[in-house]
Amino acid sequence: EAGVAQSPRYKIIEKRQSVAFWCNPISGHATLYWYQQILGQGPKLLIQFQNNGVVDDSQLPKDRFSAERLKGVDSTLKIQPAKLEDSAVYLCASSPLGRLASTDTQYFGPGTRLTVL
Amino acid sequence: KQEVTQIPAALSVPEGENLVLNCSFTDSAIYNLQWFRQDPGKGLTSLLLIQSSQREQTSGRLNASLDKSSGRSTLYIAASQPGDSATYLCAVIRKSNFGNEKLTFGTGTRLTIIP
């Protein structure tokens, strides 16, 4: 079974530029998550999708971050414009149904390391 | 607001020693607690999941315990090996204000096993 795929793996940009990350979850997984992991910290949930609908985007800085999951499969996360503090690893994860309290577990991709100069 | 803390932030031990990693959380209203391993340049790998009704889980040389009332969990690694070197993260699973079940992660412990 193929895992969660992410691209690119690394990205270096100047502040105020735009950047986009792509995620392909495990086939058949309805729930998709984007996390931000700043160096030395644990991952923080930015947005959670259930199929192509947003379930929780309470910690997404909506003035500069946006995300979509067209057709309930692949997802893109965009930052426009980027700030220095956006330097982090962006992790994508998926789970079958999002029922983490009972039957599901999350599967994580390798992440995209973003450096903003 | 749920806060999850892991102490120590970094730990180095000689190969073969047994060790304990600690995790504490402020809100005991959790469903489950999960321990992950993170290798450089890779995603997170789930090690153990402890449901709130359980007190411990074991997998090979790993044993995780959970005490909800005190807000603590420990991960015990027996007979450590250089391949155990990684960052270990604990995460509590709870229901958010939006009704979804979400993970709140700790800050992690970076473990180095010295050959």
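Residues numbered from 1 in each chain as written. Chains lettered and ligands numbered in written order. Predicted model: local features only at pLDDT ≥ 70, side-chain atom pairs only at ≥ 80, totals over all residues. Heavy atoms only, no water.

Undergrad: Residues and numbers for the overall build of chain B, please.
TA: Helix and strand counts for chain B stand at zero helices and 11 strands. Listing the helices and strands of chain B from first to last along the sequence gives β-β-β-β-β-β-β-β-β-β-β. Relative to the compact-globule value of 13 Å for 115 residues, chain B shows a C-alpha radius of gyration of 14 Å, a close match. As displayed, chain B has an accessible area near 5,500 Å², and 47% of this comes from carbon and sulfur atoms. Each charge class in chain B was averaged separately, 11 positive and 9 negative side chains, and the resulting centres sit 7 Å apart. (Helix = DSSP H or I, 4+ residues; strand = E, 2+ residues; numbered from the N terminus. Rg over C-alpha atoms; globule rule 2.2 N^0.38 Å. Areas by Shrake-Rupley, 256 points an atom, 1.4 Å probe, with all protein chains shown as cover. Lys, Arg positive; Asp, Glu negative; His and termini not counted. Charge placed at Lys NZ, Arg CZ, Asp CG, Glu CD.)

Undergrad: Quick rundown of the confidence of the model for chain B? Include the residues and the values.
TA: Overall, the predicted model of chain B reaches an average pLDDT of 92, with 100% of residues at or above 70. Across chain B, strand E11 (residues 109-114) of chain B holds the top mean pLDDT of 97, while strand E10 (residues 101-105) of chain B sits lowest at 90. (pLDDT = per-residue confidence, 0-100.)

Undergrad: Lay out the sheet that holds strand E1 (residues 5-7) of chain A with the relevant residues and their values.
TA: Paired through their backbone hydrogen bonds, the strands of a sheet run either parallel or antiparallel. Residues and elements named next belong to chain A. The strand order E1-E3-E8-E7 describes an open sheet built from four strands, whose pairing is antiparallel. The two strands at the open ends of the sheet, each matched to only one other strand, are E1 and strand E7 (65-68). Averaged over all pairs of adjacent strands, the angle between their axes in this sheet comes to 15°, without regard to strand direction. Inspection of the sheet shows E7 paired to strand E8 (residues 75-79) by four bridges, in the antiparallel sense. Each residue of the ladder has a partner; that of phenylalanine 65, found in E8, is isoleucine 79. (Pairing = 2+ DSSP bridges. Axes fitted to C-alpha atoms, helices over the stretch in contact; angles between N-to-C directions.)

Undergrad: With reference to specific residues and values, describe the nonpolar core.
TA: Residue and element names in this part refer to chain B. Counting residues in each nonpolar core, the largest one holds 22 residues, and the members touching the most others are Leu33, Trp35 and Leu75. Listing elements by their share of this core, those giving two or more residues are strand E3 (19-25), strand E4 (32-38), strand E5 (44-51), strand E7 (62-67), strand E8 (72-77), strand E9 (86-95) and E11. Residues within four places of leucine 75 in sequence aside, it is in contact with Leu19, Val20, Leu21, Trp35, Leu47, Leu48, Leu62, Asn63, Ala64 and Tyr88. (Core = buried A, V, L, I, M, F, W, Y, C linked by side-chain atoms within 4.5 Å. Buried < 20%, exposed > 50% of the residue type's maximum accessible area, 1.4 Å probe, protein only. Contact = heavy atoms within 4.5 Å.)

Undergrad: Explain the pairing of strand E1 (residues 4-7) of chain B to me, and be specific about the residues and the numbers.
TA: All names here are of chain B. Going residue by residue along E1, you find Val4 and Gln6 tucked away on one face and Thr5 and Ile7 left uncovered on the opposite face. Pairing analysis gives four bridges linking E1 to E3, with the strands arranged antiparallel. Paired with glutamine 6 across the two strands is cysteine 23, which belongs to E3.

Undergrad: Mind laying out the interface of chain A and chain B, listing which residues take part and the relevant values?
TA: Quoted interface sizes are often the accessible area lost when the parts come together. Contacts between the two partners involve 24 residues from chain A and, on the opposite side, 22 residues from chain B. Together chain A and chain B conceal approximately 1,700 Å² of surface at their shared face, both sides included; 51% is due to carbon and sulfur atoms. The largest share of the area that chain A buries against chain B comes from Leu100, Ala101 and Phe108 of chain A, three residues that together contribute 29% of it. Here lysine 102 of chain B ties to aspartate 56 of chain A by a salt bridge, and the two come within 3.6 Å at their closest N and O atoms. Linking chain A with chain B are five residue pairs in polar contact (both at pLDDT 80 or more), by the criterion used here. The set of elements that each furnish at least two residues to the side of chain A that touches chain B consists of strand E4 (31-37), strand E5 (44-50) and strand E6 (53-56) of chain A. Partitioned by chemical class, the residues of the side of chain A that touches chain B number nine nonpolar, 12 polar and three charged. (Buried area = accessible area lost by both parts, 1.4 Å probe. Salt bridge = Lys/Arg side-chain N within 4 Å of Asp/Glu carboxyl O. Polar contact = N/O pair within 3.5 Å; in protein donor to acceptor, adjacent residues only side chain to side chain. Nonpolar A, V, L, I, M, F, W, Y, C, P; charged D, E, K, R; others polar.)

Undergrad: Please give an account of the state of the cysteines that cites residues and values.
TA: All names here are of chain A. Inspection of every chain in the model, using the stated rule, returns two disulfides over all chains. Covalently, cysteine 23 is tied to cysteine 92 through a disulfide, its sulfur atoms 1.9 Å apart. With the S-S dihedral at roughly -70°, the linkage between cysteine 23 and cysteine 92 falls on the left-handed side. With cysteine 23 in strand E3 (residues 19-24) and cysteine 92 in strand E9 (residues 88-95), this residue pair connects regions lying 69 residues apart in the sequence. We note that cysteine 23, like cysteine 92, is buried. (Disulfide = S-S within 2.5 Å.)

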